[in-house]
Amino acid sequence: MPKILVTGGAGYIGSHTCLALVQGGYDVLVLDNLSTGRKEMVLPPARLVHGDLSDSGLVRELLHREAPDAVIHFAASIVAPESVAAPLKYYCNNVSTTASLALAVVEARVPHFVFSSSAAVYGTAQGCTVDEASPVEPITPYGSSKLMCERILHDAALAHPGFVPVSLRYFNVAGADPEGRLGNVTPDATHLIKVACLTALRVRPVLQVFGTDYPTPDGTCTRDYVHVSDLADVHVAMLRHLEQGGRGGVFNCGYGRGFSVRQIVETVRKVSGVDFPVEHVDRRPGDPPSLVADCSKLVKATGWKPRRDAIEDIVRDTLEWERRRLRQAAD
Ligand code: UFG
């Protein structure tokens, strides 16, 4: 059974990916410092090592002892607005750790390395969709930190031919495990679908729509919302691609279609059956008008097939997860 070391596997995308890996027949070992992740998000038989990536002795020992076939690296600081106020935290937590982890992985001769990158590398993208050759001009230290990591991995691959890294540029990740086992537990989440669902469930009084004067069909921003379980499947498909000798590189991860903020509001109202209040406010700094993935490179390389791309399903799974958490909190 191939073994995968997953950093940040107790977090939102990491935990869903561990579940998909287990279902795909992999032996999964998670390394997480539980600063934002939760140990109950690591579902057995995946195993959790509570430790920090900056502990290079621990990382080396794990790589030596467990001899994984691949490393998937999620652990990072991920709040873009926070990164503007605390850039050095982002460069230390994201860039330094990725460089030292990659060094340990190369030294341990682990061939495959899958890195969680972000559509934030594109910054204020132009055009209907962006592909991997589109200009990369991040507008936050968070986006810059992800781009720097991509470049570190690219350079390492040139210098070490046995090392095959992949950077997956996630677009707007949303939803929860359709069977209700996992979801987003991030406190104070700012993501549109989650916030809209919490408003429909009366946890929040009103949904603020940031900007209605964008150069988009209905004046609100357009995003490519991808179901977290489909994104988890991308990682499994990518490992299979690498195992078969496939090439590494950079891959967009989305569906290639966008929804505006207004469309999301209407979908959440329809799926929840609640006509919650909305307040139109000024633009939020740093929001590109439109960000939609051209993901043909990913599909061509891996044969990945989305299974939950209906926006109603993404919203329904988010709502169900939040309902379940409210029930648990009330008990
Ligand atoms: N929005 C609102 N009201 C809210 C929350 C969001 O109107 O309460 C709007 C935003 O202004 C934006 C859209 O909904 O236009 C999506 O916003 P999110 O906060 O859900 O997501 P972002 O597009 O800002 O960012 C997310 C991740 C980033 C990642 C990026 C890549 O948070 O880490 O997707 O596309 F880089």
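A brief look at the structure comes next. Nothing here was measured: the structure is a model prediction, and the numbers come from that model.

Definitions and limits used
Residues numbered from 1 in each chain as written. Predicted model: local features only at pLDDT ≥ 70, side-chain atom pairs only at ≥ 80, totals over all residues. Heavy atoms only, no water. Pairing = 2+ DSSP bridges. Helix = DSSP H or I, 4+ residues; strand = E, 2+ residues; numbered from the N terminus. Axes fitted to C-alpha atoms, helices over the stretch in contact; angles between N-to-C directions. Contact = heavy atoms within 4.5 Å. Near = heavy atom within 4 Å. Polar contact = N/O pair within 3.5 Å; in protein donor to acceptor, adjacent residues only side chain to side chain. Areas by Shrake-Rupley, 256 points an atom, 1.4 Å probe, with all protein chains shown as cover. Domains from an automatic or database assignment.

Concerning the sheet that holds strand 14 (residues 290-291)
Alright, step 1. Taken in spatial order, the three strands make up an open sheet running 12-9-14, and their pairing is mixed. Either end of the sheet is taken by a strand with one partner, and the two such strands are strand 12 (259-260) and strand 14.
Alright, step 2. Bridge count between strand 9 (residues 222-223) and strand 14: two bridges; the pairing is parallel. Opposite threonine 222, over in strand 14, you have serine 290 as the bridge partner.

Considerations on the sheet that holds strand 5 (residues 112-118)
Alright, step 1. One open sheet holds the seven strands; their spatial order is 3-2-1-4-5-6-11, and the pairing between them is parallel. Edge strands, defined here as strands with exactly one partner in the open sheet, are strand 3 (47-50) and strand 11 (249-253). Neighbouring strand axes in the sheet, compared pairwise and without regard to direction, differ in orientation by 20 degrees on average.
Alright, step 2. Of the pairings in the sheet, the one linking strand 1 (residues 3-7) to strand 2 (residues 27-32) comprises five bridges and is parallel in character. Bridging from a neighbouring strand, valine 6 pairs with valine 30 of strand 2.
Alright, step 3. Sitting on the sheet, helix 1 (residues 12-23) is in contact with strand 1, strand 2, strand 4 (70-73) and strand 6 (164-170), with an inclination near 165 degrees to strand 2.
Alright, step 4. Those strands touched by helix 5 (residues 141-159) are strand 5, strand 6 and strand 11, and its axis lies near 155 degrees from that of strand 5.

Overview of the site of the ligand
Alright, step 1. Around the ligand sit 20 residues, and of these Ser118, Gln208, Arg223, Arg284 and Asp287 come closest.
Alright, step 2. Residue glutamine 208 places a main-chain N or O atom 2.6 Å away from a nitrogen atom belonging to the ligand.
Alright, step 3. In the complex, the protein chains occlude 89% of the 690 Å² of accessible area that the ligand would expose alone.
Alright, step 4. Considering each element in turn, the shell around the ligand owes the most residues, four residues, to strand 8 (residues 207-210).
Alright, step 5. The residue makeup of the shell around the ligand includes at least three contributed by each of domain 1 (3-174 + 228-253) and domain 2 (192-223 + 256-330).

Functional significance is not addressed by these values, which are geometric in nature.
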